[in-house]
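Architecture at a glance
Residue-level listing of the chains:
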Amino acid sequence: MIPRDTIATILDTVHIEDVVGDFVNLKKRGANLIGVCPFHKEKTPSFIVSPAKGIFKCFGCGKAGDSVRFIMEHEHYSYPEALRYLAQKYNITIEEKELSPEELVAQNERERMFNINSFAQQYFSETMKNDDEGISVGMSYFRERGFRDSIINKFQLGYCLNQRDAFVQHALKNGYSKELLLKIGLASGNEERMYDRYQGRVIFPIHNLTGKVIGFGARILSSDKTKQKYLNSPESEIYVKRHTLYGIYFAKNEISRLDNCILVEGYADVLSMHQAGIENVVASSGTSLTTEQIRLISRYTKNVTMLYDGDNAGIHAALRGTDMILEEGLNVRIVVLPPDEDPDSFVQHNPIEVVREYIEKNAKDFISFKTQLLLKDANDPIKRSEVLKDIISSIAVIPDAIYRSSYIKECSRLMDMPEQTLMSELNKMLRAKIRKSQPEQAELHDIVTEEIKSEPQNPIVDVVP
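Residues numbered from 1 in each chain as written. Predicted model: local features only at pLDDT ≥ 70, side-chain atom pairs only at ≥ 80, totals over all residues. Heavy atoms only, no water.

1. Remarks on the sheet that holds strand β14 (residues 281-284)
Read across the open sheet, the six strands follow the order β12-β14-β13-β15-β16-β17; overall the sheet is mixed. The sheet is open, and its two borders are formed by β12 (245-246) and β17 (364-365), each paired with just one other strand. Of the strand pairs in this sheet, strand β13 (residues 261-264) and strand β15 (residues 303-308) are connected by three bridges, and their pairing is parallel. Paired with I262 across the bridge in β15 is T305. Sheet contacts for helix α16 (residues 352-362): β15, β16 (331-336) and β17; angle to β16, the most-contacted strand, approximately 120 degrees. (Pairing = 2+ DSSP bridges. Helix = DSSP H or I, 4+ residues; strand = E, 2+ residues; numbered from the N terminus. Contact = heavy atoms within 4.5 Å. Axes fitted to C-alpha atoms, helices over the stretch in contact; angles between N-to-C directions.)

So this is what it looks like as C-alpha coordinates:
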(Lines give C-alpha, C1' and ligand atoms only; values in the text may rest on other atoms or scores of the structure.)
Protein backbone atom coordinates (compact mmCIF):
# COMPACT_ATOMS: atom_id res chain seq x y z
CA MET A 1 0.00 0.00 0.00
CA ILE A 2 1.31 3.48 -0.92
CA PRO A 3 1.21 6.01 1.95
CA ARG A 4 -1.03 9.08 1.48
CA ASP A 5 1.82 11.55 1.90
CA THR A 6 3.80 9.74 -0.83
CA ILE A 7 0.79 9.94 -3.16
CA ALA A 8 0.58 13.67 -2.47
CA THR A 9 4.30 14.06 -3.27
CA ILE A 10 3.86 12.22 -6.56
CA LEU A 11 0.86 14.33 -7.60
CA ASP A 12 2.66 17.57 -6.66
CA THR A 13 5.82 16.60 -8.57
CA VAL A 14 4.52 15.34 -11.92
CA HIS A 15 4.23 17.58 -14.98
CA ILE A 16 1.52 16.32 -17.27
CA GLU A 17 3.26 17.59 -20.40
CA ASP A 18 6.28 15.41 -19.54
CA VAL A 19 4.13 12.36 -18.78
CA VAL A 20 2.00 12.59 -21.92
CA GLY A 21 5.02 13.66 -24.00
CA ASP A 22 6.58 10.23 -23.46
CA PHE A 23 3.79 8.75 -25.57
CA VAL A 24 2.41 11.55 -27.77
CA ASN A 25 4.19 14.05 -30.03
CA LEU A 26 2.90 17.36 -28.63
CA LYS A 27 3.03 20.74 -30.35
CA LYS A 28 2.70 24.12 -28.66
CA ARG A 29 -0.69 25.80 -29.21
CA GLY A 30 -0.96 28.97 -27.14
CA ALA A 31 -0.93 28.11 -23.44
CA ASN A 32 -1.71 24.47 -24.20
CA LEU A 33 -0.21 21.58 -26.15
CA ILE A 34 -1.93 19.60 -28.91
CA GLY A 35 -1.34 16.18 -30.45
CA VAL A 36 -2.95 13.12 -32.05
CA CYS A 37 -5.04 11.23 -29.51
CA PRO A 38 -3.46 7.90 -28.47
CA PHE A 39 -6.83 6.44 -27.49
CA HIS A 40 -8.64 6.48 -30.83
CA LYS A 41 -7.83 6.74 -34.52
CA GLU A 42 -7.79 10.31 -35.82
CA LYS A 43 -6.06 12.25 -38.56
CA THR A 44 -6.63 15.79 -37.21
CA PRO A 45 -5.28 16.39 -33.69
CA SER A 46 -8.00 16.89 -31.08
CA PHE A 47 -6.01 15.89 -27.99
CA ILE A 48 -5.22 18.84 -25.70
CA VAL A 49 -2.84 18.99 -22.72
CA SER A 50 -3.07 21.88 -20.28
CA PRO A 51 0.14 22.27 -18.20
CA ALA A 52 -1.46 25.01 -16.11
CA LYS A 53 -4.40 22.80 -15.07
CA GLY A 54 -2.44 19.53 -15.12
CA ILE A 55 -5.03 17.73 -17.25
CA PHE A 56 -5.54 16.22 -20.70
CA LYS A 57 -8.70 16.16 -22.77
CA CYS A 58 -9.56 14.60 -26.12
CA PHE A 59 -12.42 16.36 -27.89
CA GLY A 60 -12.75 13.39 -30.24
CA CYS A 61 -13.25 10.41 -27.93
CA GLY A 62 -13.91 12.30 -24.69
CA LYS A 63 -11.16 10.78 -22.53
CA ALA A 64 -9.81 13.22 -19.95
CA GLY A 65 -8.06 13.41 -16.59
CA ASP A 66 -4.76 14.03 -14.84
CA SER A 67 -1.35 12.35 -15.20
CA VAL A 68 -2.36 9.30 -13.18
CA ARG A 69 -5.53 8.81 -15.25
CA PHE A 70 -3.52 9.11 -18.48
CA ILE A 71 -1.12 6.35 -17.43
CA MET A 72 -4.02 4.18 -16.25
CA GLU A 73 -5.82 4.57 -19.57
CA HIS A 74 -2.77 4.30 -21.82
CA GLU A 75 -0.96 1.42 -20.11
CA HIS A 76 -4.08 -0.27 -18.68
CA TYR A 77 -2.60 0.07 -15.21
CA SER A 78 -4.40 0.01 -11.91
CA TYR A 79 -4.26 3.16 -9.78
CA PRO A 80 -1.33 1.87 -7.64
CA GLU A 81 0.55 0.72 -10.77
CA ALA A 82 0.20 4.17 -12.34
CA LEU A 83 1.46 5.83 -9.16
CA ARG A 84 4.47 3.51 -9.05
CA TYR A 85 5.25 4.29 -12.70
CA LEU A 86 5.17 8.06 -12.02
CA ALA A 87 7.22 7.67 -8.85
CA GLN A 88 9.90 5.81 -10.81
CA LYS A 89 9.88 8.45 -13.54
CA TYR A 90 10.50 11.25 -11.04
CA ASN A 91 12.81 9.27 -8.73
CA ILE A 92 10.37 9.35 -5.82
CA THR A 93 10.94 6.58 -3.30
CA ILE A 94 7.89 4.59 -2.22
CA GLU A 95 8.35 2.94 1.14
CA GLU A 96 6.69 -0.44 0.64
CA LYS A 97 7.63 -3.75 2.10
CA GLU A 98 9.25 -6.23 -0.27
CA LEU A 99 6.71 -8.67 -1.63
CA SER A 100 7.12 -12.36 -0.84
CA PRO A 101 6.92 -14.96 -3.65
CA GLU A 102 3.40 -15.84 -2.47
CA GLU A 103 2.30 -12.19 -2.66
CA LEU A 104 3.83 -11.85 -6.13
CA VAL A 105 1.82 -14.83 -7.37
CA ALA A 106 -1.34 -13.37 -5.83
CA GLN A 107 -1.07 -10.09 -7.76
CA ASN A 108 -3.25 -9.52 -10.80
CA GLU A 109 -2.41 -11.32 -14.02
CA ARG A 110 -0.80 -8.40 -15.85
CA GLU A 111 1.41 -7.48 -12.93
CA ARG A 112 2.54 -11.08 -12.55
CA MET A 113 3.39 -11.27 -16.25
CA PHE A 114 5.43 -8.06 -16.15
CA ASN A 115 7.18 -9.29 -13.04
CA ILE A 116 8.19 -12.71 -14.38
CA ASN A 117 9.40 -11.20 -17.66
CA SER A 118 11.59 -8.77 -15.74
CA PHE A 119 12.87 -11.67 -13.62
CA ALA A 120 13.63 -13.71 -16.78
CA GLN A 121 15.41 -10.79 -18.46
CA GLN A 122 17.70 -10.32 -15.48
CA TYR A 123 18.41 -14.06 -15.37
CA PHE A 124 19.27 -14.26 -19.08
CA SER A 125 21.47 -11.15 -18.89
CA GLU A 126 23.33 -12.36 -15.82
CA THR A 127 23.75 -15.83 -17.33
CA MET A 128 25.44 -14.37 -20.39
CA LYS A 129 27.81 -12.26 -18.31
CA ASN A 130 28.69 -14.67 -15.49
CA ASP A 131 28.14 -18.29 -16.61
CA ASP A 132 30.94 -20.05 -18.52
CA GLU A 133 28.56 -21.23 -21.24
CA GLY A 134 26.88 -17.85 -21.38
CA ILE A 135 30.22 -16.10 -21.90
CA SER A 136 31.67 -18.58 -24.41
CA VAL A 137 28.50 -18.96 -26.47
CA GLY A 138 26.10 -16.05 -25.93
CA MET A 139 28.52 -13.20 -25.30
CA SER A 140 30.87 -14.49 -28.01
CA TYR A 141 28.02 -14.37 -30.53
CA PHE A 142 27.24 -10.72 -29.82
CA ARG A 143 30.95 -9.86 -29.79
CA GLU A 144 31.40 -11.51 -33.19
CA ARG A 145 28.46 -9.48 -34.48
CA GLY A 146 30.32 -6.36 -33.40
CA PHE A 147 28.11 -5.29 -30.50
CA ARG A 148 29.76 -3.43 -27.64
CA ASP A 149 28.92 -3.66 -23.93
CA SER A 150 27.03 -0.37 -24.06
CA ILE A 151 24.49 -1.67 -26.57
CA ILE A 152 24.29 -5.11 -24.91
CA ASN A 153 23.44 -3.44 -21.60
CA LYS A 154 21.11 -0.85 -23.12
CA PHE A 155 18.92 -3.44 -24.82
CA GLN A 156 19.34 -5.95 -21.95
CA LEU A 157 20.48 -8.77 -24.23
CA GLY A 158 21.01 -12.23 -22.75
CA TYR A 159 21.44 -15.96 -23.22
CA CYS A 160 19.46 -19.05 -22.20
CA LEU A 161 21.61 -22.03 -21.28
CA ASN A 162 21.50 -25.05 -23.57
CA GLN A 163 20.01 -27.17 -20.80
CA ARG A 164 16.59 -28.74 -20.46
CA ASP A 165 15.16 -26.68 -17.61
CA ALA A 166 17.81 -24.50 -15.98
CA PHE A 167 15.64 -21.37 -16.10
CA VAL A 168 12.43 -23.20 -15.19
CA GLN A 169 14.01 -24.61 -12.05
CA HIS A 170 15.42 -21.22 -11.11
CA ALA A 171 12.00 -19.58 -11.55
CA LEU A 172 10.20 -22.28 -9.54
CA LYS A 173 12.68 -21.88 -6.68
CA ASN A 174 11.86 -18.17 -6.62
CA GLY A 175 8.14 -18.72 -6.24
CA TYR A 176 6.85 -18.48 -9.82
CA SER A 177 4.15 -20.94 -10.77
CA LYS A 178 4.28 -23.57 -13.50
CA GLU A 179 1.00 -22.24 -14.86
CA LEU A 180 2.44 -18.73 -15.32
CA LEU A 181 5.68 -19.99 -16.90
CA LEU A 182 3.68 -21.90 -19.50
CA LYS A 183 1.17 -19.11 -20.09
CA ILE A 184 3.77 -16.38 -20.64
CA GLY A 185 5.78 -18.71 -22.92
CA LEU A 186 9.01 -18.96 -20.96
CA ALA A 187 8.47 -22.71 -20.64
CA SER A 188 7.13 -25.35 -23.02
CA GLY A 189 5.52 -28.71 -22.41
CA ASN A 190 3.05 -29.17 -19.56
CA GLU A 191 3.08 -28.96 -15.79
CA GLU A 192 4.33 -32.56 -15.54
CA ARG A 193 7.13 -32.22 -18.10
CA MET A 194 8.36 -28.64 -18.50
CA TYR A 195 11.47 -27.39 -20.27
CA ASP A 196 13.03 -24.05 -21.19
CA ARG A 197 11.48 -22.68 -24.36
CA TYR A 198 14.60 -20.73 -25.38
CA GLN A 199 17.37 -23.17 -24.50
CA GLY A 200 20.63 -22.57 -26.38
CA ARG A 201 19.46 -19.22 -27.79
CA VAL A 202 20.54 -15.60 -27.45
CA ILE A 203 17.77 -13.42 -26.04
CA PHE A 204 16.38 -10.08 -27.28
CA PRO A 205 13.95 -8.64 -24.69
CA ILE A 206 11.02 -6.73 -26.20
CA HIS A 207 9.95 -3.58 -24.31
CA ASN A 208 6.75 -1.57 -24.26
CA LEU A 209 6.63 2.24 -24.37
CA THR A 210 7.40 2.55 -20.67
CA GLY A 211 10.40 0.20 -20.80
CA LYS A 212 8.77 -2.86 -19.28
CA VAL A 213 9.69 -6.24 -20.79
CA ILE A 214 6.59 -7.69 -22.44
CA GLY A 215 8.15 -10.56 -24.38
CA PHE A 216 11.28 -12.05 -25.91
CA GLY A 217 12.79 -12.84 -29.27
CA ALA A 218 15.29 -15.71 -29.20
CA ARG A 219 17.75 -16.70 -31.93
CA ILE A 220 19.18 -20.20 -32.22
CA LEU A 221 22.95 -20.45 -32.60
CA SER A 222 23.22 -24.04 -33.83
CA SER A 223 22.91 -25.09 -37.46
CA ASP A 224 20.00 -27.46 -36.74
CA LYS A 225 17.66 -27.00 -39.72
CA THR A 226 14.79 -28.72 -37.90
CA LYS A 227 14.47 -25.81 -35.45
CA GLN A 228 13.17 -22.31 -36.06
CA LYS A 229 15.86 -19.67 -36.39
CA TYR A 230 13.84 -17.25 -34.27
CA LEU A 231 11.28 -17.89 -31.54
CA ASN A 232 9.06 -15.15 -30.17
CA SER A 233 7.00 -15.12 -27.02
CA PRO A 234 3.41 -16.20 -27.61
CA GLU A 235 0.83 -13.43 -27.44
CA SER A 236 -0.50 -12.61 -24.00
CA GLU A 237 -2.37 -9.88 -22.15
CA ILE A 238 0.80 -7.75 -22.18
CA TYR A 239 2.30 -8.78 -25.53
CA VAL A 240 0.37 -8.37 -28.77
CA LYS A 241 2.71 -8.57 -31.76
CA ARG A 242 0.71 -6.38 -34.10
CA HIS A 243 0.78 -3.55 -31.53
CA THR A 244 4.51 -3.86 -30.78
CA LEU A 245 7.62 -2.33 -32.35
CA TYR A 246 11.04 -3.57 -31.32
CA GLY A 247 13.15 -0.71 -29.97
CA ILE A 248 10.30 1.83 -29.63
CA TYR A 249 11.11 2.54 -25.97
CA PHE A 250 14.69 3.48 -26.87
CA ALA A 251 13.79 5.33 -30.07
CA LYS A 252 10.63 7.33 -29.29
CA ASN A 253 12.32 10.52 -28.06
CA GLU A 254 14.70 10.65 -31.01
CA ILE A 255 11.86 9.92 -33.45
CA SER A 256 9.96 12.87 -32.03
CA ARG A 257 13.03 15.14 -32.02
CA LEU A 258 14.02 14.34 -35.62
CA ASP A 259 10.39 14.07 -36.78
CA ASN A 260 11.24 10.88 -38.63
CA CYS A 261 11.14 7.15 -37.92
CA ILE A 262 13.50 4.73 -39.69
CA LEU A 263 11.82 1.36 -40.08
CA VAL A 264 13.92 -1.81 -40.45
CA GLU A 265 13.15 -5.53 -40.30
CA GLY A 266 15.37 -7.25 -37.74
CA TYR A 267 16.58 -7.02 -34.16
CA ALA A 268 20.25 -6.79 -35.19
CA ASP A 269 19.39 -3.97 -37.61
CA VAL A 270 18.03 -1.91 -34.72
CA LEU A 271 21.01 -2.69 -32.48
CA SER A 272 23.62 -1.75 -35.10
CA MET A 273 21.87 1.49 -36.02
CA HIS A 274 21.57 2.54 -32.38
CA GLN A 275 25.20 1.60 -31.74
CA ALA A 276 26.24 3.80 -34.65
CA GLY A 277 24.35 6.75 -33.17
CA ILE A 278 21.23 6.59 -35.37
CA GLU A 279 18.61 6.07 -32.69
CA ASN A 280 15.28 6.91 -34.38
CA VAL A 281 15.06 3.27 -35.53
CA VAL A 282 12.51 0.52 -34.83
CA ALA A 283 11.59 -2.87 -36.29
CA SER A 284 8.38 -4.86 -36.54
CA SER A 285 8.29 -7.45 -33.79
CA GLY A 286 8.01 -11.01 -35.06
CA THR A 287 5.43 -10.07 -37.69
CA SER A 288 5.02 -8.26 -40.99
CA LEU A 289 4.28 -4.54 -40.68
CA THR A 290 0.78 -3.92 -39.31
CA THR A 291 -1.65 -1.00 -39.23
CA GLU A 292 -1.41 -0.88 -35.44
CA GLN A 293 2.38 -0.54 -35.60
CA ILE A 294 2.05 2.33 -38.08
CA ARG A 295 -0.40 4.09 -35.77
CA LEU A 296 2.08 3.66 -32.94
CA ILE A 297 4.72 5.45 -35.04
CA SER A 298 2.23 8.21 -35.88
CA ARG A 299 2.10 9.25 -32.22
CA TYR A 300 5.64 10.59 -32.61
CA THR A 301 6.00 11.54 -36.28
CA LYS A 302 4.22 11.59 -39.62
CA ASN A 303 7.38 10.72 -41.54
CA VAL A 304 8.66 7.18 -42.08
CA THR A 305 11.83 6.07 -43.86
CA MET A 306 11.83 2.38 -44.76
CA LEU A 307 15.39 0.99 -44.79
CA TYR A 308 15.32 -2.49 -46.30
CA ASP A 309 17.67 -5.08 -47.77
CA GLY A 310 18.60 -4.81 -51.42
CA ASP A 311 17.40 -8.33 -52.28
CA ASN A 312 14.00 -9.21 -53.73
CA ALA A 313 12.55 -10.06 -50.31
CA GLY A 314 13.52 -6.66 -48.92
CA ILE A 315 12.15 -4.80 -51.93
CA HIS A 316 8.84 -6.63 -51.79
CA ALA A 317 8.60 -6.01 -48.04
CA ALA A 318 9.00 -2.29 -48.77
CA LEU A 319 6.29 -2.44 -51.45
CA ARG A 320 3.89 -4.21 -49.06
CA GLY A 321 4.39 -1.64 -46.33
CA THR A 322 4.21 1.48 -48.48
CA ASP A 323 0.45 1.46 -49.11
CA MET A 324 -0.30 0.67 -45.46
CA ILE A 325 1.73 3.67 -44.31
CA LEU A 326 0.15 5.97 -46.90
CA GLU A 327 -3.34 4.83 -45.93
CA GLU A 328 -2.72 5.96 -42.34
CA GLY A 329 -1.89 9.46 -43.56
CA LEU A 330 1.89 9.25 -43.06
CA ASN A 331 4.61 10.26 -45.49
CA VAL A 332 6.91 7.45 -46.56
CA ARG A 333 10.33 7.33 -48.19
CA ILE A 334 12.15 4.14 -49.17
CA VAL A 335 15.86 3.40 -49.06
CA VAL A 336 17.06 0.17 -50.66
CA LEU A 337 20.55 -0.88 -49.63
CA PRO A 338 23.21 -2.24 -52.03
CA PRO A 339 22.95 -5.94 -52.98
CA ASP A 340 23.94 -8.42 -50.24
CA GLU A 341 23.63 -5.72 -47.56
CA ASP A 342 21.12 -5.31 -44.75
CA PRO A 343 21.02 -2.38 -42.27
CA ASP A 344 23.10 -4.37 -39.75
CA SER A 345 25.92 -5.25 -42.15
CA PHE A 346 25.84 -1.88 -43.93
CA VAL A 347 26.32 0.03 -40.67
CA GLN A 348 29.00 -2.40 -39.49
CA HIS A 349 30.97 -2.08 -42.75
CA ASN A 350 30.81 1.70 -43.22
CA PRO A 351 31.61 4.87 -41.23
CA ILE A 352 28.53 6.56 -39.81
CA GLU A 353 29.02 9.57 -42.12
CA VAL A 354 28.79 7.25 -45.14
CA VAL A 355 25.62 5.63 -43.77
CA ARG A 356 23.92 8.97 -43.15
CA GLU A 357 24.91 10.25 -46.57
CA TYR A 358 23.67 7.08 -48.28
CA ILE A 359 20.27 7.30 -46.57
CA GLU A 360 19.96 10.99 -47.42
CA LYS A 361 20.90 10.58 -51.08
CA ASN A 362 18.97 7.36 -51.76
CA ALA A 363 15.69 8.04 -49.93
CA LYS A 364 12.96 8.08 -52.58
CA ASP A 365 9.30 8.94 -52.30
CA PHE A 366 7.03 6.03 -53.10
CA ILE A 367 6.28 7.24 -56.65
CA SER A 368 9.95 7.51 -57.61
CA PHE A 369 10.63 4.17 -55.94
CA LYS A 370 7.81 2.33 -57.68
CA THR A 371 8.46 4.01 -61.01
CA GLN A 372 12.13 3.12 -61.05
CA LEU A 373 11.48 -0.43 -59.82
CA LEU A 374 8.46 -1.37 -61.92
CA LEU A 375 9.55 0.24 -65.18
CA LYS A 376 12.64 -1.96 -65.40
CA ASP A 377 10.64 -4.69 -67.11
CA ALA A 378 7.95 -2.50 -68.68
CA ASN A 379 9.11 -2.56 -72.30
CA ASP A 380 5.73 -2.25 -74.01
CA PRO A 381 2.65 0.02 -73.62
CA ILE A 382 0.60 -2.62 -71.81
CA LYS A 383 3.20 -3.19 -69.10
CA ARG A 384 3.72 0.58 -68.81
CA SER A 385 -0.03 1.00 -68.28
CA GLU A 386 0.02 -1.64 -65.56
CA VAL A 387 2.83 0.24 -63.79
CA LEU A 388 0.79 3.44 -63.96
CA LYS A 389 -2.26 1.75 -62.45
CA ASP A 390 -0.14 0.26 -59.69
CA ILE A 391 1.22 3.69 -58.76
CA ILE A 392 -2.20 5.34 -58.92
CA SER A 393 -3.65 2.61 -56.71
CA SER A 394 -1.10 3.64 -54.07
CA ILE A 395 -2.07 7.29 -54.43
CA ALA A 396 -5.73 6.27 -54.04
CA VAL A 397 -5.22 5.03 -50.47
CA ILE A 398 -3.95 8.45 -49.27
CA PRO A 399 -6.72 10.03 -47.15
CA ASP A 400 -5.78 13.67 -47.86
CA ALA A 401 -7.08 15.03 -51.19
CA ILE A 402 -4.37 17.72 -51.46
CA TYR A 403 -1.62 15.14 -51.05
CA ARG A 404 -3.30 12.95 -53.67
CA SER A 405 -3.31 15.84 -56.14
CA SER A 406 0.35 16.63 -55.45
CA TYR A 407 1.36 13.02 -56.06
CA ILE A 408 -0.65 12.92 -59.28
CA LYS A 409 1.34 15.93 -60.52
CA GLU A 410 4.60 14.18 -59.65
CA CYS A 411 3.46 10.97 -61.33
CA SER A 412 2.47 12.94 -64.44
CA ARG A 413 5.94 14.46 -64.60
CA LEU A 414 7.83 11.20 -64.09
CA MET A 415 5.71 9.14 -66.45
CA ASP A 416 5.21 11.87 -69.08
CA MET A 417 1.47 11.34 -68.95
CA PRO A 418 -1.28 14.03 -69.00
CA GLU A 419 -2.30 14.97 -65.48
CA GLN A 420 -5.98 14.94 -66.39
CA THR A 421 -5.74 11.33 -67.59
CA LEU A 422 -4.15 10.24 -64.30
CA MET A 423 -6.71 12.15 -62.26
CA SER A 424 -9.51 10.49 -64.17
CA GLU A 425 -8.07 7.05 -63.38
CA LEU A 426 -7.61 8.04 -59.73
CA ASN A 427 -11.24 9.11 -59.40
CA LYS A 428 -12.35 5.86 -61.01
CA MET A 429 -10.46 3.92 -58.31
CA LEU A 430 -11.82 6.15 -55.56
CA ARG A 431 -15.39 5.68 -56.76
CA ALA A 432 -14.94 1.91 -56.79
CA LYS A 433 -13.55 2.08 -53.29
CA ILE A 434 -16.51 4.12 -52.03
CA ARG A 435 -19.06 1.85 -53.72
CA LYS A 436 -17.54 -1.13 -51.97
CA SER A 437 -17.46 0.40 -48.49
CA GLN A 438 -20.17 3.11 -48.52
CA PRO A 439 -22.87 2.57 -51.17
CA GLU A 440 -24.94 5.62 -50.13
CA GLN A 441 -21.94 7.97 -50.32
CA ALA A 442 -21.08 6.52 -53.72
CA GLU A 443 -24.43 7.66 -55.10
CA LEU A 444 -23.87 11.18 -53.75
CA HIS A 445 -20.33 11.14 -55.20
CA ASP A 446 -21.67 10.36 -58.68
CA ILE A 447 -24.03 13.34 -58.49
CA VAL A 448 -21.19 15.66 -57.44
CA THR A 449 -18.96 14.30 -60.21
CA GLU A 450 -21.58 15.00 -62.88
CA GLU A 451 -22.00 18.55 -61.60
CA ILE A 452 -18.25 19.15 -61.72
CA LYS A 453 -18.01 17.71 -65.22
CA SER A 454 -20.57 20.27 -66.35
CA GLU A 455 -18.24 23.08 -65.20
CA PRO A 456 -15.56 23.52 -67.91
CA GLN A 457 -13.27 25.91 -65.98
CA ASN A 458 -11.42 23.29 -63.89
CA PRO A 459 -11.45 19.80 -65.39
CA ILE A 460 -8.43 18.55 -63.42
CA VAL A 461 -9.77 17.96 -59.92
CA ASP A 462 -9.78 15.25 -57.33
CA VAL A 463 -13.48 15.15 -56.48
CA VAL A 464 -13.30 12.61 -53.68
CA PRO A 465 -12.61 14.13 -50.22
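2. Focus: the pairing of β16
Across six bridges, β15 lies against β16 in parallel orientation. Following the sheet pairing, T305 is matched in β16 by R333. Handedness of the β-α-β unit built from β15, helix α14 (residues 312-327) and β16 comes out right-handed. The pairing of β16 with β17 spans two bridges and is antiparallel. When the sheet's bridge partners are listed, I334 is paired in β17 with K364. (Right-handed = clockwise from strand over helix to strand, strands pointing away.)

3. A closer look at the side chain of S272
The residue S272 is located in helix α12 (residues 267-276) in this model. S272 gets classed as buried once you look at its relative accessible area, which sits at 2%. Engagement of the side chain of S272 in a polar contact is seen with the side chain of D344, the distance being 2.4 Å. (Buried < 20%, exposed > 50% of the residue type's maximum accessible area, 1.4 Å probe, protein only. Polar contact = N/O pair within 3.5 Å; in protein donor to acceptor, adjacent residues only side chain to side chain.)

4. Quick word on the state of the cysteines
Scanning the model with the defined rule gives zero disulfides in all. We note that C61 lacks a disulfide partner, and the nearest cysteine sulfur, in C58, lies 3.6 Å from it. (Disulfide = S-S within 2.5 Å.)

5. With respect to the layout of surface pockets
Considering only enclosed or pocket space, the second largest pocket measures out at about 910 Å³ in volume. Considering the residues around the second largest pocket, the lining is formed by 35 residues, among which P38, H74, H243, L296 and R299 are closest to the centre. Only α3 (67-75), α6 (109-130) and α13 (291-298) provide two or more residues apiece to the lining of the second largest pocket. A total of four residues in the lining of the second largest pocket trace back to one element, the largest contributor, which is α13. Residue composition of the lining of the second largest pocket, by class: 14 nonpolar, eight polar and 13 charged. (1 Å grid on protein atoms, 1.4 Å probe; cavity = no way out; pocket = protein on both sides within 12 Å on 5 of 7 lines; lining within 4 Å. Points joined across faces, edges and corners; volume = space filled by probe spheres on them. Nonpolar A, V, L, I, M, F, W, Y, C, P; charged D, E, K, R; others polar.)

6. What to know about helix α19 (residues 401-415)
Along its 15 residues, α19 runs 21 Å from first to last C-alpha, staying within 8% of the 21 Å computed at 1.5 Å per residue. With a side-chain oxygen positioned 2.9 Å from the backbone nitrogen of I402, the residue opening α19 is D400. Backbone geometry just downstream of α19 places D416 in the positive-phi region, at approximately 55 degrees. (Expected span 1.5 Å × (residues − 1).)

7. Digging into the confidence of the model for the protein
Looking at the protein as a whole, the pLDDT averages 87, with 90% of positions reaching at least 70. Ranking the elements of the protein by mean pLDDT puts helix α21 (residues 439-453) last, at 53, and strand β6 (residues 158-160) first, at 98. (pLDDT = per-residue confidence, 0-100.)

8. As for unusual backbone geometry
What is expected of a backbone is that most residues other than glycine have negative phi and most peptide bonds are trans. With a phi angle near 55 degrees, N91 is a residue other than glycine that sits in the positive phi range. The residue N91 is located in the loop between α4 (79-89) and α5 (101-106) in this model. Relative accessible area serves as the criterion here: at 71%, N91 is assigned to the exposed category. Backbone geometry places D340, a non-glycine residue, at a positive phi of 65 degrees. Structurally, the position occupied by D340 is in the loop between β16 and α15 (343-349).

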